[in-house]
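Coordinates in review
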Amino acid sequence: MEENRTAFGRMPDGTQVDQITLRDGAVMCRIITYGGAVRSLIVPDRDGNPVDVALGFDTLEDYMTQDKYIGALVGRYANRIGGAKFTLNGVEYPLYANDGPNSLHGGQVGFDKRVWTVEALTDSSVILSLVSPDGEEGYPGTLSVQVTYTLSDGTLSIQYRAACDRDTVFNPTNHTYFNLSGHSSGSVEGQYIQLNASHYTPTVPGSIPTGEIAPVDGTPMDLRIARPIGARISEPFRQLELAGGYDHNWALTHGQHRGRCAWAWSPDTGIAMDVITDLPGVQFYTGNFLAGCPAGKGGAVYGNRHGFCLETQFFPDTPNQPTFPSCVLRAGEQFTSKTSYGFGIADSAEGL
C-alpha cells in the first residue's frame, strides 16, 4: 500500500475503507474512501501554527452513524428534489423520500454512503471513482463518476467528471463543514462570510425553492460585503426563521463561468478561504442542525453553528423548476466541473 494510503476501517460486509493523506508544503488534507469525505484539512494560521479547519471523526463507525454528510461527496443530486420525483423526457422518476416528502442529497444510500475506489494516487492528488447503476435511488442510467482531489499552492481543488448511458440529472457537491478558527473551536458566528451573489432562491417550508430568483437587496441575505456570519442570522426574516439560520442557495453573479464564489475569514487565526467554481449556485449552510452527531476528532463537541458549508451546485429542485439552469446530463456527454478552496492569511475582513 502506498505510503500516504492507510487502512481506516472496514464496512459491515468486510470492505476496507482507506485514508488518503495529501500534502502541499504546510497544508495537508486527509480523505477517506467512505463517502470520499474530507476528514481533515490542516492549514497554517497567521503565526504559522497548524490549524485543522474541517470537521470530521476519528472512526468509520462515527461516519456511518452521523447523518450530517460531514465532509462527504454528495450525489447523484445534491440538495433537495421536491416531492421526491421529477420528470425527464416525459417519464416521471420517483425517488426515495428521506427528508419529509422530499429527496435529499441522493436519497437513502447516496454517494456519501458508498465506498469509493482509488484509481490513482500521488503525494498531492487522488482520483476516486464509483459507478451508480441504472435505477439506483430511482435515477435513470448507469452513471460513471470520477472525483479528483488535488492539493497545490495552498488550494484544495475538487474536479468532477461523469458520463451516463441514458439521459439523467446530475448535481454533485462536497459537504465539508469549515471552521476557520479550528474544527473544535465552537461557533462560527464571529467568522466573516462574503458571497458573490446579488440573488438567491427563496424556499417554502421543507427548503424547496418557490421558483423565484429573488434580489438580496435590503435583506439579511445580502452578503456581498464581508460581514460576521452571526451579524444578521437571528433577525426576524422569514427565510432565516424557516431554516434556523442560513441554509439557502445563492445564484452566483458569474453564472456558469468560472469565477469567485465566496470568501470567508477568521479574525482568531487570520485564516482566509477563497472559493472559486464554475457552477451556477452555492448553498451557504451554517450548520443549524449539527448538534446530536457523534463526538468529533479528539472528542470535540460539534454543536449547532460550529461549522459552515459552501456547497457549489446547480440550484435545488432544478429538475422541477424550468426557469433554473439545467442539470440534465445527456447520454454520451461528459460532465466536468471544478471547485477550489484556496487558503491564505488576511489581516482584516478585506473580502473578494
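Computed from a predicted model, the values in this text were never measured in an experiment.

A closer look at the overall build of the chain
Along its length, the chain carries two helices and 29 strands. Considering only C-alpha atoms, the chain reaches an extent of 60 × 55 × 35 Å along its principal axes. When the 352 residues of the chain are sorted by exposure, 58% land in the buried category. Within the chain, counting contacts between residues at least 6 apart in sequence, those at least 24 apart form 66% of the total. Looking at charge distribution, the chain has the averaged site of its 24 positive side-chain charges lying 2 Å from that of its 38 negative ones.

Remarks on unusual backbone geometry
Of note, the bond from G75 into R76 is cis; its omega dihedral lies within 30 degrees of zero at 5°. As for its placement among the helices and strands, R76 is situated in the loop between β6 (73-74) and β7 (80-81). One non-glycine residue, N79, adopts positive backbone phi at about 75°. At H105, a position not held by glycine, the phi torsion is positive, near 50°.

Structural notes on the packing of aromatic side chains
The final tally for this structure, using the stated rule, is 19 aromatic pairs. A ring pair is formed by F170 and F335, whose centres lie 5.0 Å apart and whose planes are at 85°; its orientation type is edge-to-face. Of this pair, F170 sits in the loop between β15 (168-169) and β16 (173-174) while F335 sits in strand β29 (residues 334-345), and the two are 165 residues apart along the sequence. Note on accessibility: F170 and F335 belong to one class, buried. By the ring-pair criterion, three or more aromatic residues cluster together here, those being F178, Y200, Y246, W250, F284, F308 and Y341.

A look at the pattern of salt bridges
All chains considered together, the criterion is met by 14 salt bridges. For K113, the salt bridge is made with D112, and the minimal N-O distance between the two is 2.9 Å. For K113, a relative accessible area of 31% corresponds to the partly exposed category. Residue D112 is classed as buried on the basis of its relative accessible area, which comes to 8%. Residue D274 is joined to R260 by a salt bridge in which the shortest nitrogen-to-oxygen separation is 2.8 Å. Here R260 lies in strand β24 (residues 259-265) and D274 lies in strand β25 (residues 271-277), a separation of 14 residues in the sequence.

Section: the sheet that holds strand β1 (residues 5-10)
The five strands are arranged β1-β2-β3-β4-β5 in an open sheet whose pairing can be described as antiparallel. On the outer flanks of this sheet lie β1 and β5 (50-52), each paired with one strand and no other. Strand-to-strand, the axes of this sheet are offset by a mean angle of 20°, without reference to chain direction. As paired strands, strand β4 (residues 38-44) and β5 are joined by three bridges and run antiparallel to one another.

Notes on the environment of G75
Mapping G75 onto the fold places it in the loop between β6 and β7. As a C-alpha pair, G75 and C309 span 234 residues in sequence and 16 Å in three-dimensional space. The residues touching G75, leaving out its near neighbours within four places in the chain, are H105, G106, G110 and F111.

Some details on the side chain of T173
Mapped onto the secondary structure, T173 falls in strand β16. Since its relative accessible area comes to 0%, T173 is described here as buried. Among the polar contacts listed, one links the side chain of T173 to the backbone oxygen of T312, at a separation of 2.8 Å. Not counting the four nearest positions on each side in its chain, T173 is found in contact with A72, L73, V74, A78, Y160, E311 and T312.

Things to note about the pairing of strand β13 (residues 143-152)
Alignment of strand β12 (residues 125-132) against β13, held across eight bridges, turns out to be antiparallel. Each residue of the ladder has a partner; that of L130, found in β13, is V145. Summarising the sheet, β13 and strand β14 (residues 155-164) pair through 10 bridges and their orientation is antiparallel. Residue pairing in the sheet places T150 in a bridge with S157 of β14. The antiparallel pairing of β13 with β14 creates a hairpin that spans two residues between the two strands, and D153 there sits at a positive phi of about 55°.

Examining the nonpolar core
Y149, W250, F284, F308, L310 and F343 are the most contacted members of the largest nonpolar core, which has 73 residues in total. A37, L60, L290 and C293 belong to the second largest nonpolar core, which has 18 residues in total.

Details of the sheet that holds strand β18 (residues 199-201)
The strand order across the open sheet formed by five strands is β21-β18-β23-β26-β27, and the pairing between neighbours is antiparallel. Whereas interior strands pair on both sides, the edge strands pair on one side only; in this sheet they are β21 (214-215) and β27 (309-313). Inspection of the sheet shows β18 paired to strand β23 (residues 247-251) by three bridges, in the antiparallel sense. Bridging across to β23, T201 finds its partner in N249.

Let's talk about the side chain of T203
Relative to the helices and strands, T203 is located in strand β19 (residues 203-204). Contacts of T203, omitting those with residues within four sequence positions, involve I208, P209, T210, Q239, L242 and H248.

Here we look at the state of the cysteines
Considering all chains together, one arrives at zero disulfides under this definition. Residue C29 stays outside any disulfide, its sulfur separated by 15 Å from that of C309, the closest cysteine. Classification of C29 as buried rests on a relative accessible area of 0%. Just so you know, C261 is unpaired, no disulfide at all, and the nearest cysteine sulfur is the one on C309, 13 Å from it.

Rules used throughout
Residues numbered from 1 in each chain as written. Predicted model: local features only at pLDDT ≥ 70, side-chain atom pairs only at ≥ 80, totals over all residues. Heavy atoms only, no water. Helix = DSSP H or I, 4+ residues; strand = E, 2+ residues; numbered from the N terminus. Buried < 20%, exposed > 50% of the residue type's maximum accessible area, 1.4 Å probe, protein only. Contact = heavy atoms within 4.5 Å. Lys, Arg positive; Asp, Glu negative; His and termini not counted. Charge placed at Lys NZ, Arg CZ, Asp CG, Glu CD. Phe/Tyr/Trp six-rings, centres within 6.5 Å; stacked < 30°, edge-to-face > 60°. Salt bridge = Lys/Arg side-chain N within 4 Å of Asp/Glu carboxyl O. Pairing = 2+ DSSP bridges. Axes fitted to C-alpha atoms, helices over the stretch in contact; angles between N-to-C directions. Polar contact = N/O pair within 3.5 Å; in protein donor to acceptor, adjacent residues only side chain to side chain. Core = buried A, V, L, I, M, F, W, Y, C linked by side-chain atoms within 4.5 Å. Disulfide = S-S within 2.5 Å.

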